[in-house]
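Remarks on the overall topology
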Amino acid sequence: MLRRSIIVVAGALALTLGGHRLLPELGGFTPVLESLLPWLGVAIPILLICALATRSWQVIFATLLPAIVWGLMFGPTLLRSPPGGPSDLSVATLNVGAANADSAEAVRSVSKGRDLVAVQELTAGGPAAEILSERFPHHYRIATVGLWSRFPIVEARKADIGLDWARALRAVVATPKGRLTVYVMHLASARPGQTAQRDETLAYARRMIDKDGSARLLLLGDLNTATTDRKRSGLVPPLSDAQQEAGTGFGFTWPAAFPVTRPDHILYRGLTATGAGVERAAGSDHRAAFASLRLTSQKPD
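Residues numbered from 1 in each chain as written. Predicted model: local features only at pLDDT ≥ 70, side-chain atom pairs only at ≥ 80, totals over all residues. Heavy atoms only, no water.

Some points on the overall build of the protein
The secondary structure content of the protein amounts to eight helices and 12 strands. Against the compact-globule benchmark of 19 Å for 301 residues, the protein has a radius of gyration of 21 Å, which places it among compact chains. Structurally, the protein occupies a C-alpha span of about 70 × 40 × 35 Å along its principal axes. The buried share of the protein, reckoned over its 301 residues, is 51%. When the accessible surface of the protein is totalled, it reaches about 13600 Å², and 60% of it is carbon and sulfur. Charged side chains in the protein number 32 positive and 24 negative. The centres of these two groups are separated by 6 Å. (Helix = DSSP H or I, 4+ residues; strand = E, 2+ residues; numbered from the N terminus. Rg over C-alpha atoms; globule rule 2.2 N^0.38 Å. Buried < 20%, exposed > 50% of the residue type's maximum accessible area, 1.4 Å probe, protein only. Areas by Shrake-Rupley, 256 points an atom, 1.4 Å probe, with all protein chains shown as cover. Lys, Arg positive; Asp, Glu negative; His and termini not counted. Charge placed at Lys NZ, Arg CZ, Asp CG, Glu CD.)

Rendered as C-alpha cells:
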C-alpha cells in the first residue's frame, strides 16, 4: 500500500508540475496554485525518503520523475547568472503598504541610487511621497500610485485598467538616450476563487500595451500575478521580465518576512536588462523589486 501510494503521489506531482496549464481553473483556484508552483518541489525529498524506506527501486525511480520535471522547469532559474555589462537606468518598484508606519524609511532605502521609482499603496498625506519628492526633481502621482524620476517627465496621465478607482498611470520620461514610456500599475488582487477582477485588469493592461506604439516601454508595479501564473502569459511575451532575464533565483517579493511568490514585476520592451533582484523595505509586506537596464541610443519619439 505504501509503495503504491508513493508512486501515485509522485505521478500526480509530476503531472501537476509539467501539465499545470492544462488543468481547469476550478473557480480561480488553479492560478493561485500556479503562483506557488516552485514550492511543490518541497514534497520531492519527502517522497524520496519514504521511497528509500520501501527499499524498492521501482518506487525510488518513480519519485525521481517529479524531481526531473521540477529540475527542468526551475533549474535554469536557480543556475542563471546576471548578464552584467553597462546600464543606463536603475529602476525599482515597491508596494509600500497602506498601513506601513515606516513608509518613509522604506522609500528612503529603496530609492537610493535609483533613476526611476514606482510606488503603490501610497496614502494621502503620508510621508513616503514627501521623501521621494525631496530626492527626485520630477514625479507624477495619481491616487495611490506614483512615479518619481531623476529625468524630466514630459507626459503623464491616468491609465485605465478597468477599475472604479485609479490604480495605474502612464508617463513618458526624457532620458539622455531618448524617451521611455513608463507604466505604473497596481492590478486587482487575486485570491482562491477570486481571480476574475484581477484577470480583467490584466486584459486591460495587455490591450494597453498592444496599442502603445512606444519603441521603449517599461511596466512597473504590483501586478498580483506570479511569474508561474498562467494569466501572466498575457504580458510575457510580448514584454520581457527583468528578473527572468537578469536576476538570480526566483526573486520572490511577498510576503516580505518569508516570500513565497512574486506579484511585483519589472517588465519591458526595447531595452536590455543587465541585473535584477529584490530588497527589503521597512514595514512593507512586500519586498521591492529592482533592475538595471540598458537603453540603445535613438532619436526622441
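Next comes the rest of the account.
As for the packing of helix 1 (residues 2-18) against helix 3 (residues 43-54)
One way to put it is that helix 1 packs onto helix 3 with a least axis distance of 10 Å and a crossing angle of 155°. Between helix 1 and helix 3, the angle falls in the class roughly antiparallel. Once helix 1 is placed against helix 3, the crossing between them reads as left-handed. Counting all contacts with helix 1, which are made through Leu 2, Arg 3, Ile 6, Val 9, Ala 10 and Leu 13, the residues of helix 3 involved are Ala 43, Ile 44, Leu 47, Cys 50, Ala 51 and Thr 54. (Axes fitted to C-alpha atoms, helices over the stretch in contact; angles between N-to-C directions. Parallel < 35°, antiparallel > 145°, perpendicular 65-115°, else oblique. Left-handed = near helix turned anticlockwise from the far one by under 90°. Contact = heavy atoms within 4.5 Å.)

So, helix 6 (residues 127-135)
Residues that lie three or four places apart on an α-helix share one face, since the helix turns once every 3.6 residues. Among all positions in helix 6, only Ala 128, Ala 129, Ile 131 and Leu 132 are buried. Down the axis of helix 6, the buried side of the element spans an arc of 160°, and every buried residue falls inside it. Turned more than 90 degrees from where helix 6 packs its buried face, Glu 130 and Glu 134 sit exposed. Buried residues in helix 6 make contact with helix 5 (103-110), strand 2 (116-120), strand 3 (138-142) and strand 4 (145-149). (Arc of directions from axis to C-beta.)

Concerning the nonpolar core
Counting 28 residues, the largest nonpolar core has Val 91, Leu 116, Val 182 and Leu 218 as the members making the most contacts within it. Here Val 91 is in contact with Arg 114, Leu 116, Leu 218, Leu 220, Ile 266, Ala 289, Phe 290, Ala 291 and Leu 293, once residues within four sequence places are set aside. In terms of nonpolar packing, the next biggest core, distinct from the first, is built from 19 residues, Met 185, Leu 187, Ala 205 and Met 208 among them. (Core = buried A, V, L, I, M, F, W, Y, C linked by side-chain atoms within 4.5 Å.)

Focus: unusual backbone geometry
Excluding glycine, most residues fall at negative phi; most peptide bonds, likewise, are trans. Cis geometry is adopted by the peptide bond preceding Pro 237, which originates at Val 236 and carries an omega value of -15°. Residue Pro 255 is bonded to the preceding Trp 254 through a cis peptide linkage, with omega at -10°. Tracing the backbone through its elements, the reader meets Pro 255 in the loop between helix 8 (242-246) and strand 10 (264-269). Backbone geometry places Glu 121, a non-glycine residue, at a positive phi of 60°. Within the element layout of this structure, Glu 121 appears in the loop between strand 2 and helix 6. In this structure Glu 121 comes out as partly exposed when scored by relative accessible area, which is 25%. Backbone geometry places Ala 143, a non-glycine residue, at a positive phi of 55°.

Things to note about the pattern of salt bridges
Counting across every chain of the model gives 13 salt bridges. The closest approach of N and O atoms between Glu 279 and Arg 114, which form a salt bridge, is 2.8 Å. With Glu 279 in strand 11 (residues 272-279) and Arg 114 in the loop between helix 5 and strand 2, this pair connects stretches of sequence that are 165 residues apart. Residue classification places Glu 279 among the partly exposed positions, given a relative accessible area of 23%. The network of salt bridges with shared partners includes Glu 155, Arg 170, Arg 179 and Asp 212. (Salt bridge = Lys/Arg side-chain N within 4 Å of Asp/Glu carboxyl O.)

Overview of the sheet that holds strand 7 (residues 178-186)
The strand order across the open sheet formed by six strands is 5-6-7-8-10-9, and the pairing between neighbours is mixed. In this open sheet, the two strands that pair with only one neighbour each are strand 5 (153-158) and strand 9 (240-241). With respect to the sheet, helix 7 (residues 196-211) is in contact with strand 7, strand 8 (217-222) and strand 10, its orientation differing from that of strand 7 by roughly 170°. (Pairing = 2+ DSSP bridges.)

Examining the side chain of Asp 229
Structurally, Asp 229 is set in the loop between strand 8 and strand 9. By relative accessible area, which is 2% here, Asp 229 ends up buried. Side-chain polar atoms of Asp 229 contact the backbone nitrogen of Lys 231, separated by 2.9 Å. (Polar contact = N/O pair within 3.5 Å; in protein donor to acceptor, adjacent residues only side chain to side chain.)

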